[in-house]
2 protein chains.
Amino acid sequence: MMNMDNEKTQASAWFGQLRDDICTRFEDLEMALKTGPHADLPPAKFERKLTKRDADGDGGGGEMSVMKGRVFEKVGVNISTVFGTLGEAAQRSMSARTGMEGIADDPRFWASGISLVAHMQSPKVPAVHMNTRMFWTPHGWWFGGGSDLNPMVEVDEDTAFFHGVQKEACDRHDPSYYPRYKQWADTYFMNRHRGEPRGVGGIFYDDHCTQDWAADFAFTQDVGQAFLDAFPPLVEKHMEEPWSETDRDWQLIKRGRYAEFNLVWDRGTRFGLETGHNPEAVLMSLPPIATWP
Amino acid sequence: MMNMDNEKTQASAWFGQLRDDICTRFEDLEMALKTGPHADLPPAKFERKLTKRDADGDGGGGEMSVMKGRVFEKVGVNISTVFGTLGEAAQRSMSARTGMEGIADDPRFWASGISLVAHMQSPKVPAVHMNTRMFWTPHGWWFGGGSDLNPMVEVDEDTAFFHGVQKEACDRHDPSYYPRYKQWADTYFMNRHRGEPRGVGGIFYDDHCTQDWAADFAFTQDVGQAFLDAFPPLVEKHMEEPWSETDRDWQLIKRGRYAEFNLVWDRGTRFGLETGHNPEAVLMSLPPIATWP
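This is a predicted model, so every value here is computed, not measured.

**Structural notes on the interface of chain A and chain B**
Phase 1 of the analysis: Across the boundary between the two partners, chain A contributes 22 residues, which contact 22 residues of chain B.
Phase 2 of the analysis: Ranking the residues of chain A by area buried against chain B places H193, L263 and W292 of chain A at the top, with a combined share of 28%.
Phase 3 of the analysis: Applying the counting criterion to the chain A and chain B interface returns 2 salt bridges.
Phase 4 of the analysis: A salt bridge links E280 of chain B to R194 of chain A; the nearest nitrogen and oxygen atoms lie 3.1 Å apart.

So, in structure tokens, the structure goes:
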């Protein structure tokens, strides 16, 4: 297996570009708010902070972009590029999952990606998650990612719109991708201990490798772009609707369940916590305030 | 290995008795509040609810006692007695941990215990956790439990008092117990992803079996009693102290970290979620409100 230095550089650069595009679009939404309980607050801007991965003999790091505003109560957009050697537990789970051989003999890895979670001020605006990443080991590489919508109360039209944009992006590459990756999202974004989905789904994929790196990278780029096409219109549609205290109470309960999913089940969160990545960056996804009444 | 029906009955009955004693004492504390921002609210009482464990072919259940009051913002005291067969993941982890043989051939288990978490209105009053339990399989039995104090800001005198009461209870049984089980608590109650203890410790033990069931049960009873001797005096001492918004903000942050510990690291919580116990009962430990600002 080659080192793929050129591919790694391209992927990392693109995750940074997507981050820039998303931050610009989200700051525009912050500016656009005209009415509602928070309209008299000043629009916020993203603040950026470098993060360093601190693990024995390993390296890398990333950049957190955080905005706490009047439309976005808390949104984090992290990019990171990390490398090193997998610990024994990670080696075992990766061998079991991918079937790749030789991981224990050469447990090096490299991973780069973007990860985003937005918790909104208004209970009428869905929360959202998106991430895409490239993972490399000497034994194989793959892409992973996805995006899922987390409304407080489901609105069929929004769900259909969000899924439609994901489907269009997937279909440009392979008609089997959307059905497969929608199904995976339905299975994955599930609070299994409650038998309850965390939201209305989207797409989720991992171990995506057709052996054609350029095609798989192009697919992952389209998934990132689809997020920009799917989520901001829903924010614009709902951000000025009135809401009640009851709506807000329910939003905080749903956020508690979101926190449960991320801490108990989310593979990326657990990988980050177990491999010594900066906890503030890994846990940026947690809601600004949540309740378990 | 015998079925130990008599021992199981004694242990279950005692966990129920301890629950009653704790609830009475906590209701007295609710009544005792005279000054402070919540003194004009009515004192709360515990409400009890049966819980049923719902897993294929397995059974048992328990009782949740919850009080949401003016001293205790949210306190849950759960007792449960569950039995069935361990799933494959639980079989593997139990074999690895205890070294017991034959678990896969006869994976039956029975477990009974009490579990308590209190989140307090006042940031000046520590949060607290206590649990004790008896676990039985055809291949061996043991007790586990412990108690740890979670103040928002450490007060040396309180820490010394809490630990002193635990030590006294342990020393009555074996002078090696306190040093060993205090150390275990220090290691266990650690948010490893932050390199930060969740509180000021206490004692933690598991797989406790000297082969003398009566002695081990008496030890576990004393650990339960020590909780009643150690925690309520700290509530009385601090519950009427004034506090500031800054104190409260910090309390909500500490509660977020408490939630992280329980969802990411706590063995009992993960066992409960993975074996299909009632999620409301397992997650009763989560704080009524928490922040990740």
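Still more to cover.
**Let's talk about the pattern of salt bridges**
Phase 1 of the analysis: Tallied over the full model, the rule gives 44 salt bridges over all chains.
Phase 2 of the analysis: Here D247 of chain A ties to K124 of chain A by a salt bridge, and the two come within 3.9 Å at their closest N and O atoms. You can see D247 of chain A sitting in helix 6 (residues 245-265) and its partner K124 of chain A sitting in the loop between strand 4 (108-120) and strand 5 (127-137), a full 123 residues away along the chain.
Phase 3 of the analysis: Judged by relative accessible area, D247 of chain A falls into the partly exposed class, the value being 25%.
Phase 4 of the analysis: Across the salt bridge formed by K182 of chain B and D186 of chain B, the nearest N and O atoms sit 2.5 Å from each other. One end of the pair, K182 of chain B, and the other, D186 of chain B, are both in helix 4 (residues 177-188), 4 residues apart, so they sit about a helical turn from each other.
Phase 5 of the analysis: Using a relative accessible area of 27% as the deciding quantity, one classes D186 of chain B as partly exposed.

**Quick look at the side chain of N131 of chain B**
All names here are of chain B.
Phase 1 of the analysis: Of note, N131 is situated in strand 5 (residues 127-137).
Phase 2 of the analysis: The buried category is assigned to N131, whose relative accessible area is 11%.
Phase 3 of the analysis: A distance of 3.0 Å separates a polar atom in the side chain of N131 from a polar atom in the side chain of H129.
Phase 4 of the analysis: Engagement of the side chain of N131 in a polar contact is seen with the side chain of R133, the distance being 2.4 Å.

**Things to note about the relation of the copies chain A and chain B**
One copy of the chain maps onto the second through a rotation about an axis and a displacement along it.
Phase 1 of the analysis: Here chain A sits on chain B after a turn of 180° about the axis and a move of 0.0 Å along it, with an RMSD of 0.0 Å. Taken together, the rotation angle and the small translation identify this as a two-fold axis.
Phase 2 of the analysis: Same-surface contact between copies: 100% of interface residues of chain A are shared with the interface of chain B.

**What about the pairing of strand 2 (residues 59-67) of chain A?**
Residue and element names in this part refer to chain A.
Phase 1 of the analysis: Burial within strand 2 is extensive, with 7 of its 9 residues counted as buried.
Phase 2 of the analysis: Sheet topology places strand 2 next to strand 3 (residues 72-85); 9 bridges connect them, and they run antiparallel. Bridge assignment links G59 to a residue of strand 3, and that residue is F83.
Phase 3 of the analysis: The loop that links strand 2 with its antiparallel partner strand 3 comprises 4 residues.

**Quick notes on the sheet that holds strand 1 (residues 47-52) of chain A**
Backbone hydrogen bonds hold the strands of a sheet together, and the pairing may be parallel or antiparallel.
All names here are of chain A.
Phase 1 of the analysis: On the basis of which strands lie adjacent, the open sheet formed by 7 strands has the order 1-2-3-4-5-6-9 and antiparallel pairing. At either end of the open sheet lies a strand with only one pairing partner, and these are strand 1 and strand 9 (202-208). Each neighbouring strand pair of the sheet contributes to a mean axis angle of 10°, computed without reference to strand direction.
Phase 2 of the analysis: For strand 1 and strand 2, the ladder comprises 6 bridges, and the chain directions are antiparallel. Bridge pairing links K49 to M64 in strand 2.

**Brief notes about the packing of helix 6 of chain A against helix 6 (residues 245-265) of chain B**
Phase 1 of the analysis: In the contact formed by helix 6 of chain A and helix 6 of chain B, the axes pass within 8 Å of each other and the chain directions differ by 45°. Looking at the two axes, helix 6 of chain A sits oblique to helix 6 of chain B. Helix 6 of chain B is crossed by helix 6 of chain A, and the crossing has right-handed handedness. Across from A259, E260, L263 and V264 of chain A in helix 6 of chain A, the residues of helix 6 of chain B making contact are A259, E260, L263 and V264 of chain B.
Phase 2 of the analysis: Partitioning the contact of helix 6 of chain A with helix 6 of chain B into residue classes produces 6 nonpolar, no polar and 2 charged.

**Notes on the packing of helix 3 (residues 156-171) of chain A against helix 5 (residues 213-238) of chain A**
Residue and element names in this part refer to chain A.
Phase 1 of the analysis: The geometry of helix 3 relative to helix 5 is characterised by a closest axis approach of 8 Å and an angle of 160° between their N-to-C directions. Between helix 3 and helix 5, the angle is such that the two are roughly antiparallel. In this structure, helix 3 meets helix 5 at a crossing whose hand is right-handed. Contacts from E157, D158, F161, F162, V165, Q166, A169 and C170 of helix 3 reach helix 5 at F219, D222, A226, D229, A230, P233, L234, K237 and H238.

**Brief notes about unusual backbone geometry**
Phase 1 of the analysis: In this structure, M4 of chain A is a non-glycine residue whose phi angle is positive, near 60°.
Phase 2 of the analysis: Summarising the element assignment, M4 of chain A is placed in the segment before helix 1 (5-32).

Conventions and cut-offs
Sequence order sets the numbering: in each chain, residues are counted from 1 along the sequence as written. Chains and ligands are labelled by the order in which they are written, letters from A for the one and numbers from 1 for the other. Residues qualify for local features only when their pLDDT is at least 70, as the model is predicted, and side-chain atom pairs are given and counted only at 80 or more; totals for whole chains, interfaces and linings, by contrast, use all residues. As a convention, hydrogens and water are excluded, and side-chain values are obtained from all of the structure's heavy atoms. Note on contacts: a residue pair is in contact if any heavy atoms of the two residues lie within 4.5 Å. Reported buried area values correspond to the accessible surface (1.4 Å probe) lost by two parts on association, with both partners' losses combined. We define a salt bridge as a contact between a side-chain nitrogen of Lys or Arg and a carboxyl oxygen of Asp or Glu at a distance within 4 Å. For helices the rule is a DSSP run of H or I covering at least 4 residues; for strands it is a run of E covering at least 2, with both sets numbered from the N terminus onward. Buried means the residue's accessible area, taken with a 1.4 Å probe over protein chains only, is under 20% of the maximum for its type, while exposed means over 50%, and partly exposed covers the values in between. Identification of polar contacts relies on pairs of N or O atoms within 3.5 Å, with a donor-acceptor requirement for protein atoms, meaning one able to donate a hydrogen and the other able to accept it, and with residues adjacent in sequence counted only if both atoms are side-chain atoms. Copies are brought into register by a least-squares superposition over C-alpha atoms of residues with pLDDT of at least 70 in both. Paired strands, as defined in this entry, are two strands with at least two bridges between them according to DSSP. A fitted line through C-alpha atoms serves as each axis, taken over the contacting stretch for helices, and the angle formed by two N-to-C directions is quoted from 0 to 180°. Oblique is the label for any angle not covered by the other classes, which are roughly parallel (under 35 degrees), roughly antiparallel (over 145) and roughly perpendicular (65 to 115). We call a crossing left-handed when the near helix sits turned anticlockwise from the far one by less than a right angle, and right-handed when that turn is clockwise. As a working rule, the residues Ala, Val, Leu, Ile, Met, Phe, Trp, Tyr, Cys and Pro are called nonpolar, Asp, Glu, Lys and Arg charged, and the rest polar, with Gly in that last group.

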